[in-house]
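What follows is the residue order along each chain.
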Amino acid sequence: MKKARAALTRHQIDMRKMYAEKRIIMNINIDKLHCLIDLHVHLDGSVSIPMAKRLALINGIELNESEEDLKERLQVSKDCRDLNEYLEKFEFPLTLLQKAEAITECVRMLIAGQDSQGIMYSEIRFAPQLHMQKGLTQEEVVQAAIKGLGNSDYHKLILCCMRGSDNEELNKETIRIAHTYLGRGVVALDLAGAEKLYPTKQFVGIFKEALAYNIPFTIHAGEADGEESIKTAIYMGAERIGHGIRAAWSEDMIKELADKNIPLELCPTSNLNTKVVDNIADYPIMKLINNGVKVTINTDNMMVSGTSIKNELKLLVQTFPINGIILKNLLINSAEAAFAKDSIKEQLKRKIYEELDGVTYE
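Reading guide: rules and limits
Residues numbered from 1 in each chain as written. Predicted model: local features only at pLDDT ≥ 70, side-chain atom pairs only at ≥ 80, totals over all residues. Heavy atoms only, no water. UniProt positions renumbered as here; feature names shortened; annotations may be inferred. Helix = DSSP H or I, 4+ residues; strand = E, 2+ residues; numbered from the N terminus. Rg over C-alpha atoms; globule rule 2.2 N^0.38 Å. Buried < 20%, exposed > 50% of the residue type's maximum accessible area, 1.4 Å probe, protein only. Contact = heavy atoms within 4.5 Å. 1 Å grid on protein atoms, 1.4 Å probe; cavity = no way out; pocket = protein on both sides within 12 Å on 5 of 7 lines; lining within 4 Å. Points joined across faces, edges and corners; volume = space filled by probe spheres on them. Expected span 1.5 Å × (residues − 1).

As annotated in an unreviewed UniProt entry, the protein carries the name adenosine deaminase and is attributed to [Lactobacillus] rogosae. Quoted verbatim from the Cofactor (unreviewed entry) field of UniProt, the annotation for the protein is "Zn(2+)". Taken directly from UniProt, the Sequence similarities (unreviewed entry) text for the protein runs: "Belongs to the metallo-dependent hydrolases superfamily. Adenosine and AMP deaminases family."

> Can you help me understand the overall build of the protein in this one?
Of regular secondary structure, the protein possesses 16 helices and eight strands. On C-alpha atoms alone, the protein measures out to a radius of gyration of 21 Å, which is about the 21 Å that the 2.2 N^0.38 rule sets for 362 residues. Principal-axis analysis of the C-alpha atoms places the extent of the protein at approximately 80 × 45 × 45 Å. Burial status across the protein gives 57% buried among its 362 residues. Long-range contacts, defined as pairs at least 24 residues apart, comprise 75% of the intrachain contacts of the protein with a sequence gap of at least 6.

> Looking at this structure, I do not really get the layout of surface pockets. What am I missing?
To locate leftover empty space, one rolls a probe as large as a water molecule over the atoms. What the largest pocket holds in volume is close to 520 Å³. Along the walls of the largest pocket sit 28 residues, with L87, F90, M162, G193 and A194 positioned nearest its centre. If you list the elements that add at least two residues to the lining of the largest pocket, you get α4 (83-87), α5 (91-95) and β3 (155-162). Residue contributions to the lining of the largest pocket peak at four residues, all from α4.

> In this structure, what is going on with helix α6 (residues 100-116)? I would like to understand it.
Along an α-helix, a turn takes 3.6 residues, which lines up residues three or four apart on a common side. An ideal rise of 1.5 Å per residue puts 24 Å on 17 residues; α6 measures up with 25 Å between its terminal C-alpha atoms. On the buried face of α6, the contacting elements are β1 (36-42), α2 (49-59), β2 (119-126), α7 (138-149) and β3. G118 occupies a position one or two residues after α6 and carries a positive phi of about 85 degrees.

Have a look at this one:
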């Protein structure tokens, strides 16, 4: 009886500690942070209404829709059914991104918006092959996007190969261009698109070329498909996993990610939109964190999902017992997982330490 009472007392103490630590995070005003990082953000999925209007002018397109109508064309509704429906929202912004000037301006405006949101470093991804409808080559598309970076050391590009059945040569061209511009604005490759329709295993061959060129890459895996997709991405040589949230349903997969120190680019709101989980309370982020998986938090598509990096962090803090230590770890994870020079990573980590001074880092 005494042992049971003592155990209960220890439990109560642990619970008080947990809630005390949670109050630490609540004392950190996320809205005032300027040490944030977004490693997984799509250019075409982050075209805001003001950006769409500006891009339409560049394209000579007259947008007569109301802002509410434009929002409906750019952002998913709350009853979005799955990833395939989610991907439909990319069709309209892509029509605005078929001219070099528009691509340059879109990158510039996105970075300006990120800077105003307290994002100190980002890796913006897009698929060059989707911007060729009006005659641009993939290389011209990439050159236009690099121009939009303005020689920034803190905003870089990831080039996406696309899942599909008849675009192997286009994907190989993307890889060759990534090799040409690696270190000149481009930092990595990715594989994006309808994961369930075109399984990751179908693209093992083309990424052998990326390995031959020593181009680092991340792979969208474990978003619409499961454990095998993530396993294949790791086998392919992916240094990070885009989304990867479905790893949480496999103890073996969790262990492999933790043992190999492979970061996950989690995008909570996007995963809610695509029905990976139905409720944020069911999002398995704490299971991943508590089992040693290197987790990073990202937006995926700021406009399509109607979110920002600060909204993502606040959503998690309001739902889970994420204290100041965990918040700092999440930000440090992003700095360490960046496809950036070690000197840049150290600068990012110093900024995180400065802004979260007094919150113990473990």
